[in-house]
Amino acid sequence: MAHEHPNGRPGVSISPREVSLPDGHPLVKACWAAAGIGLLLLLAAFALGGRGEGAGAARVWSAYWVAWLYWLTLAVGGLFFVLLQHVTRAGWSVAVRRLAEHWAATLPLFALLFVPAAFGAGELFPWMGAEAAHDPLVAGKRIFLNTGAFYARSAVYLAVWGLLAWWLRRTSIRQDATGDPAATRRLQAVSAPGLVAFALTLTFAAFDWVMSLDPHWYSTIFGVYFFAGSVVGGFAALALLALALTRSGFLRQAVTADHFHDLGKLLFTFMVF
């Protein structure tokens, strides 16, 4: 927040209370309450229908997988926003970039939430079942569609995203404390190859986690489709989060109408894309 940017308000003094939520704030309490209710409902769903096999178990695991993918794509969209801003050396986005950094910082949590899905993978992915051995099309894809390779690749995707999100956020926060301009150059230098790694991992994650749900169907452009949805969702969520915070009395002096105009332009661009 100490950086100046073209669309900001130079000379305005911003207090820490304007850019951070206290522990007892209603938004913080609402997040903890939502997490607790969600966990209870999740445990109830698994207890009532997720055990064993059959249509009930398949519905529970499918619902879990859809929810996991949906929220994951929002976090991935936040990571892309941060990488994009550093690569393009954007100055306008400094005031909202921290929101995206926080958003992307949840990616290690999704690695933890991936573990339960491994127990229901047989219900989600037909190529993991015993009957797939008699399917010639699936047999021809065994070099890619096999359990060991699937989990190994998944670990790589989540590790790359989690490490990128963690390092980018940590370096940015340290720069706030030290004011070291060299940190900006490090962020830009890492974000360029990071963007390439992001593109490759997201493409193959789309193949593994979504396209292989139906191993008889394929699309060479599906990774781009998955990326576009992630970015649109991430940008929309970022704009809504910034709007909610400004209306709650936070970031009012840091986030201006120009920031919302720029976020809207980015969102519109990727909607067209």
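(A) Focus on the confidence of the model for the chain. Chain-level statistics for the chain give a pLDDT mean of 87 and a share of 90% at 70 or above. Within the chain, helix 1 (residues 26-50) has the poorest average pLDDT of any element, 83, and helix 8 (residues 182-209) the best, 95. Note on residues 1-8: pLDDT under 50 across the span, and 21 contacts to partners over four residues away in sequence or across chains.

(B) Region of interest: the nonpolar core. Of all hydrophobic cores here, the largest spans 68 residues; its most connected members are Leu79, Trp161 and Trp209. Considering every element that reaches this core, the biggest residue donor is helix 2 (residues 55-87), with 16 residues. Once residues within four sequence positions are removed from consideration, Leu79 is found in contact with Ala104, Leu107, Trp161, Leu164, Ala165, Leu168 and Phe198.

(C) Molecular detail of a nonpolar patch on the surface. A cluster of nonpolar side chains, namely Leu109, Leu112 and Leu113, defines an oily patch on the protein surface of about 270 Å² accessible area. By the element assignment, Leu109 lies in helix 4 (residues 107-119).

(D) Summary view of unusual backbone geometry. Unusually for a residue other than glycine, Arg89 sits at a positive phi of about 55°. With respect to the helices and strands, Arg89 occurs in the loop between helix 2 and helix 3 (94-104). Residue classification places Arg89 among the exposed positions, given a relative accessible area of 64%.

(E) Structural view of helix 10 (residues 257-272). Spanning 16 residues, helix 10 covers 23 Å between terminal C-alpha atoms, matching the ideal 22 Å at 1.5 Å per step. Here helix 10 has its buried residues at His259, Asp262, Leu263, Leu266, Leu267 and Phe270. One side of helix 10 carries all its buried residues, which in axial view fall inside an arc of 135°. Opposite the buried face of helix 10, at more than 90 degrees from it, the exposed residues are Lys265, Phe268, Met271 and Val272.

(F) Structural view of the packing of helix 9 (residues 222-247) against helix 10. Two elements in contact, helix 9 and helix 10, have axes whose closest approach is 9 Å; the angle formed by their N-to-C orientations is 160°. Of the possible angle classes, the one that applies to helix 9 and helix 10 is roughly antiparallel. Crossing handedness for the pair helix 9 and helix 10: left-handed. Residues Phe227, Val231, Val232, Phe235, Ala236, Leu238, Ala239, Ala242, Leu243 and Thr246 of helix 9 lie in contact with helix 10, whose contacting residues are Phe260, Leu263, Leu266, Leu267, Phe270 and Met271. Along the lines of polarity and charge, the residues of the contact of helix 9 with helix 10 split into 15 nonpolar, one polar and no charged.

Rules behind the numbers
Residues numbered from 1 in each chain as written. Predicted model: local features only at pLDDT ≥ 70, side-chain atom pairs only at ≥ 80, totals over all residues. Heavy atoms only, no water. pLDDT = per-residue confidence, 0-100. Helix = DSSP H or I, 4+ residues; strand = E, 2+ residues; numbered from the N terminus. Contact = heavy atoms within 4.5 Å. Core = buried A, V, L, I, M, F, W, Y, C linked by side-chain atoms within 4.5 Å. Buried < 20%, exposed > 50% of the residue type's maximum accessible area, 1.4 Å probe, protein only. Patch = residues over 30% accessible without salt bridge, like charges linked within 9 Å, V, L, I, M, F, W, Y side chains within 5 Å. Areas by Shrake-Rupley, 256 points an atom, 1.4 Å probe, with all protein chains shown as cover. Salt bridge = Lys/Arg side-chain N within 4 Å of Asp/Glu carboxyl O. Expected span 1.5 Å × (residues − 1). Arc of directions from axis to C-beta. Axes fitted to C-alpha atoms, helices over the stretch in contact; angles between N-to-C directions. Parallel < 35°, antiparallel > 145°, perpendicular 65-115°, else oblique. Left-handed = near helix turned anticlockwise from the far one by under 90°. Nonpolar A, V, L, I, M, F, W, Y, C, P; charged D, E, K, R; others polar.

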